[in-house]
Amino acid sequence: VTQGLSIEKPLNLGMIDAILLRGPNDHSFTKVPFSWNKNREAVIRVKCSGICGTDLKIFKGLMGDAPFPFVPGHEWSGLVEQAPAGYEHLIGKLVVLDNLQCCKLCVYCQSGYPNLCNSLVEPGISTNGAFATHVKAFPEHLHVVPDHLSAEEACMLEPLAVAVYALRRLPVHYEDRVLIIGGGTIGLLIGQLARLSGAKEIILLDHHHYRLEIGQSLFADRTCNPLKVDLDKAIGSELPNKVFEVTGSSEGFQNSVKYAKPGGSIAVVGYAGPKQTSISTADIMCKLLTLIGVLSPTNSLGEAIDIAVNRRIDLSVYLDHTYPLKDFDKAFKIAEKRLNGCLKAMLIP
Ligand SMILES: [Zn+2]
Ligand SMILES: [Zn+2]
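Attention here is on the structure that accompanies the text.

## Brief notes about the overall build of the protein
Part 1: Per the secondary structure count, the protein includes eleven helices and 15 strands.
Part 2: Over its C-alpha trace the protein gives a radius of gyration of 20 Å, about what one expects of a compact globule, namely 20 Å for 349 residues.
Part 3: With 349 residues in all, the protein has 52% of them scored as buried.
Part 4: Look at the contacts in the protein between residues 6 or more apart in sequence, and 71% of them connect residues 24 or more apart.

Structure (structure tokens):
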């Protein structure tokens, strides 16, 4: 019994251009073999792929179970070139992937937490991804991008889906004071969604002036740079009851616990890698704080597409740093060092 899986040999596309990560801090632009199972998988020509904070950690070897050697890249849009029987309608369409290609059978999948599934096939995380000319995916997890979104805008749907999931885990209402710690791509998207949700006040913290300016132009009532101002004074006596920690840094998490209003909630969105943080657990107890983990865009890609298509938030600020795939090192450096006012470095294969 093959249980629906093909026993045919995978088809071979030959060699494709890709960024191959062999191990921590060891990558190059090179040719890698590409094959796929024509009965189960679609082949997508990558139009655009984004570098995110998680990639910065993956490249440095700070993500525990990276499957070296492999091709990273998990935020992307592309055109379907090959699709298995039943999915031919996808061919030629611009698509994005619900990256959590899960088993659909385990207790987590069955209870609405595919992000906890132990059998995830996540291109760019657990298997070859989209820092390449082509990527493969299971077609049932692909979403067609409506015509009037560009490939670059579509590339923002994955991070937007993370922000949508963050607000589903920690919903924002009109009476809420919101603190966002970290004004990178996800932090700014969360800010825009919090504004859309009607938050009473939104404060944004970041170390980079340009990010605070963008936050101010998009949603923030107040911004502050913890390197430059006294946070106690800047945040004041009306403490935020909803905090989104989007830096993954010790400082960010400690500030979350310190500045959350008693009875408030903290969404932990930033990925810390193996780093440990010491916090006052007594504060969590005595302030009756609630800690909420946020992992991966989860059942939220459809909502992200709807928000983007209806222009309910501004994606334009993320779109002005695109580089050819072969200039990956330049793009990576700009993303890593936050140069040139970059929020999102994108690669065009
Ligand atoms: Zn990411
Ligand atoms: Zn599962």
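## Description of the coordination of the zinc ion (ligand 2)
Part 1: On the protein side, the zinc ion (ligand 2) has Cys103 (SG), Cys106 (SG), Cys109 (SG) and Cys117 (SG) as donor atoms, found 2.3 to 2.4 Å from it.
Part 2: Seen from the zinc ion (ligand 2), its four donor atoms lie at angles of 103 to 117°, and the figure they make is tetrahedral.
Part 3: Along the chain, the residues that donate to the zinc ion (ligand 2) are spaced as C-x2-C-x2-C-x7-C. Of this pair, Cys103 sits in the loop between β5 (94-97) and α2 (107-110) while Cys117 sits in the loop between α2 and β6 (134-137), and the two are 14 residues apart along the sequence.
Part 4: Overall, the relative accessible area of 25% leaves Cys103 in the partly exposed class.

## Describing the side chain of Glu122
Part 1: Assignment of secondary structure puts Glu122 in the loop between α2 and β6.
Part 2: For Glu122, which is buried and forms no salt bridge, the nearest opposite charge comes from Lys344, at a distance of 14 Å.
Part 3: Leave out the neighbours within four places in its chain, and Glu122 touches Asn99, Leu100, Thr127 and Ser296.

## Quick notes on helix α11 (residues 328-337)
Part 1: Among all positions of α11, only Phe328, Ala331, Phe332, Ile334 and Ala335 are buried. Within α11, the buried residues cover an arc of 165° as seen down the axis, which keeps them to one side.
Part 2: Packing partners of the buried residues in α11 comprise β1 (11-23), β2 (26-36), β3 (42-51), α1 (53-59), β14 (322-324) and β15 (345-348).
Part 3: One or two steps after α11, the chain reaches Arg338, where phi turns positive at roughly 50°.

## Here's the deal with the packing of helix α4 (residues 157-169) against helix α5 (residues 185-196)
Part 1: Viewed as axis vectors pointing N to C, α4 and α5 meet at an angle of 55°, and their least axial separation amounts to 9 Å. As the angle between them shows, α4 and α5 are arranged oblique. Along this stretch, α4 crosses α5, giving a crossing that reads as right-handed. Every residue of α5 that contacts α4 at Pro159, Leu160, Val162, Ala163, Val164, Ala166 and Leu167 is listed here: Thr185, Ile186, Leu189, Ile190, Leu193 and Ala194.
Part 2: Looking at the contact of α4 with α5, its residues break down into twelve nonpolar, one polar and no charged.

## Notes on the pattern of salt bridges
Part 1: Summed over the entire model, instances satisfying the criterion amount to 15 salt bridges.
Part 2: The salt bridge involving Arg22 is made with Asp26; its shortest N-O contact spans 3.8 Å.
Part 3: Given the relative accessible area of 37%, Arg22 is considered partly exposed.
Part 4: The closest approach of N and O atoms between Glu238 and Arg177, which form a salt bridge, is 3.2 Å. Here Arg177 lies in strand β8 (residues 177-181) and Glu238 lies in the loop between α7 (231-235) and β11 (242-245), a separation of 61 residues in the sequence.
Part 5: For Glu238, a relative accessible area of 45% gives the class partly exposed.

## Observations concerning helix α8 (residues 250-259)
The α-helix winds at 3.6 residues per turn, so residues separated by three or four positions along the chain end up facing the same way.
Part 1: Listed as buried for α8 are Gly252, Phe253, Asn255, Ser256, Val257 and Tyr259.
Part 2: Residues of α8 that are buried sit in contact with β8, α7, β11, β12 (265-268), α9 (281-286) and β13 (290-293).

## Let's talk about the packing of aromatic side chains
Part 1: Taken as a whole and assessed by the stated rule, the structure comprises seven aromatic pairs.
Part 2: For the ring pair Phe59 and Phe131, a centre distance of 6.3 Å and an interplane angle of 45° mean the geometry is tilted. Here Phe59 is found in helix α1, whereas its partner Phe131 is found in the loop between α2 and β6, with 72 residues between them in sequence.
Part 3: On the accessibility criterion, Phe59 (2% relative accessible area) is buried.
Part 4: Put simply, the rings of Phe59, Phe131, Phe328 and Phe332 pair up and form one aromatic cluster.

## Focus on the sheet that holds β12
Part 1: The six strands are arranged β10-β9-β8-β11-β12-β13 in an open sheet whose pairing can be described as parallel. Each edge of the open sheet is held by one strand with a lone partner, namely β10 (222-224) and β13. Here the average twist between neighbouring strands, direction ignored, is 15°.
Part 2: Relative to strand β9 (residues 201-205), helix α6 (residues 209-218) is tilted by about 165°, and along the sheet it contacts β9 and β10.

## Quick look at the packing of α4 against helix α10 (residues 301-309)
Part 1: Contact geometry for α4 and α10: axes closest at 8 Å, N-to-C directions at 110°. When the axes of α4 and α10 are compared, the pair comes out roughly perpendicular. Contacts from Leu157, Glu158, Leu160, Ala161, Val164 and Arg168 in α4 reach Leu301, Glu303, Ala304, Ile305, Ile307 and Ala308 in α10.
Part 2: Split into classes, the residues belonging to the contact of α4 with α10 amount to nine nonpolar, no polar and three charged.

## Regarding the environment of Gly236
Part 1: The residue Gly236 is located in the loop between α7 and β11 in this model.
Part 2: For Gly236, a relative accessible area of 30% gives the class partly exposed.
Part 3: It is 53 Å that separates the C-alpha atoms of Gly236 and Ala42, two residues lying 194 residues apart in sequence.

Conventions and cut-offs
- Residues numbered from 1 in each chain as written.
- Chains lettered and ligands numbered in written order.
- Predicted model: local features only at pLDDT ≥ 70, side-chain atom pairs only at ≥ 80, totals over all residues.
- Heavy atoms only, no water.
- Helix = DSSP H or I, 4+ residues; strand = E, 2+ residues; numbered from the N terminus.
- Rg over C-alpha atoms; globule rule 2.2 N^0.38 Å.
- Buried < 20%, exposed > 50% of the residue type's maximum accessible area, 1.4 Å probe, protein only.
- Contact = heavy atoms within 4.5 Å.
- Donors = N, O, S within 2.8 Å, 3.2 Å for Na, K, Ca; no water.
- Tetrahedral: all angles 85-135°; square planar, octahedral: opposite > 155°, others 65-115°.
- Lys, Arg positive; Asp, Glu negative; His and termini not counted.
- Salt bridge = Lys/Arg side-chain N within 4 Å of Asp/Glu carboxyl O.
- Arc of directions from axis to C-beta.
- Axes fitted to C-alpha atoms, helices over the stretch in contact; angles between N-to-C directions.
- Parallel < 35°, antiparallel > 145°, perpendicular 65-115°, else oblique.
- Left-handed = near helix turned anticlockwise from the far one by under 90°.
- Nonpolar A, V, L, I, M, F, W, Y, C, P; charged D, E, K, R; others polar.
- Phe/Tyr/Trp six-rings, centres within 6.5 Å; stacked < 30°, edge-to-face > 60°.
- Pairing = 2+ DSSP bridges.

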